[in-house]
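Now for the letters of each chain:
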Amino acid sequence: DAKTTQPNSMESNEEEPVHLPCNHSTISGTDYIHWYRQLPSQGPEYVIHGLTSNVNNRMASLAIAEDRKSSTLILHRATLRDAAVYYCILNSGYSTLTFGKGTMLLVSP
Amino acid sequence: DAGITQSPRHKVTETGTPVTLRCHQTENHRYMYWYRQDPGHGLRLIHYSYGVKDTDKGEVSDGYSVSRSKTEDFLLTLESATSSQTSVYFCAISEAAGNQPQHFGDGTRLSIL
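For every chain, the first residue of the written sequence is number 1, and numbering continues from 1 onward in sequence order. Chains and ligands are labelled sequentially in the order written, the chains with letters from A and the ligands with numbers from 1. Totals for whole chains, interfaces and linings use all residues, but because this is a predicted model, local features are given only for residues with pLDDT of at least 70 and pairs of side-chain atoms are given and counted only at 80 or more. With hydrogens and water stripped out, all remaining heavy atoms of the structure feed into the side-chain values.

Participant: Please clarify how the sheet that holds strand S8 (residues 84-91) of chain A should be interpreted in this entry.
Facilitator: Across a sheet, strands are paired by hydrogen bonds formed along the backbone, either parallel or antiparallel in direction. Residues and elements named next belong to chain A. Paired strands are those between which DSSP finds at least two bridges. Per the convention used, a helix needs a DSSP run of H or I reaching at least four residues, while a strand needs a run of E reaching at least two, with both numbered from the N terminus. Strands sit in the order S1-S9-S8-S3-S4 across an open sheet of five strands; the sheet is mixed. Of all the strands in the sheet, the pair left with one neighbour each is strand S1 (9-13) and strand S4 (45-50). Put simply, the sheet's adjacent strands are angled 25 degrees from each other on average, direction ignored. In the sheet, S8 pairs with strand S9 (residues 103-108) via three bridges, with the strands oriented antiparallel. For Val85, the partnering residue across the bridge sits in S9 and is Met104. Geometry is summarised by axes, namely lines fitted to C-alpha atoms with helices restricted to the contacting stretch, and by angles between N-to-C directions that run from 0 to 180 degrees.

Participant: So what exactly am I meant to see when it comes to the state of the cysteines here?
Facilitator: The disulfide criterion used throughout: a pair of cysteine sulfur atoms within 2.5 Å. In the structure shown here, the tally under the stated rule is two disulfides over all chains. Each sulfur of the disulfide joining Cys22 of chain A and Cys88 of chain A lies 2.1 Å from the other. Here the disulfide of Cys22 of chain A and Cys88 of chain A is left-handed, its torsion about the S-S bond being about -85 degrees. Of this pair, Cys22 of chain A sits in strand S2 (residues 18-23) while Cys88 of chain A sits in strand S8, and the two are 66 residues apart along the sequence. The burial state of Cys22 of chain A is the same as that of Cys88 of chain A; both residues are buried. What pairs with Cys23 of chain B in a disulfide is Cys91 of chain B, and their sulfur atoms sit 1.8 Å apart. Linking Cys23 of chain B and Cys91 of chain B, the disulfide has an S-S dihedral of approximately -70 degrees and is accordingly described as left-handed. Taken together, the residues span a long stretch of sequence, with Cys23 of chain B in strand S3 (residues 19-25) and Cys91 of chain B in strand S9 (residues 87-94) at a distance of 68 residues. Neither residue differs from the other here; Cys23 of chain B and Cys91 of chain B are each classed as buried. Per-residue accessibility, obtained with a 1.4 Å probe over protein chains only, is compared with the maximum for each type, and a residue is labelled buried under 20%, exposed over 50%, and partly exposed between these values.

And the structure:
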C-alpha cells in the first residue's frame, strides 16, 4: 500500500486557520486521499476525501497538489473541539483502511 | 451520527477466559469492521465483513474470530484471552466497498489480567 507522511504534531490558536500537510509521493492513479480525525477517548471520525480536485464540506477543505504527491487538510477556523489526531490515508478502492500515526493537533485558547 | 452501538463499553477479565464483543448497527450497511488500538501502533484492522456470513482477515487476526449471522450484528470473539489482547476495540461500518466513509463506534476498553 502507498504510504503517507505526516508531522507528528502541530499547534494552532483558536479561531485561526490550520493547514495540516500530508505527503504521499508513491500515490497511484486510483488512490483516493482520505482524512479522519480522532478526538480523545472517541472513535475515529470521517472528515473528507478526494481524488484529484479540491473538496469542501462543512467540516473542512481538502487541497490536493496538481501532481497528487501531497495534500493539505484545511480547518478554516480552529476551535478547541478540533484538538485531535488527524489521519491522512490512501485508499485504492478496497474496503479496508490502513491508519498511520497521524498528526496530533493542539489548539490553544 | 451513525447508529453504531458497541457492547460492553468496558470489560475486565482474566487470561484464558473467552470474551465476545458485540457491534450492532441500525444503518443497514453492508460492511462492518473490527479494529484494535494500542499505544504506539495506531488502529489496526482485525477482521471485516462484507455481508452476512462473509468475513475476511485483517492485519492482526491471530487469536480472534468473528461472526455475522445478520446484517446488523458483528461479533468479535477472543476464544482464550491473553494479556496481549488488552486494548481498545473499535467497530466501524461502511455502506459499500472502496471509497465510502467508515463510521466508527465509541469503542470497547478491554483489560485482560
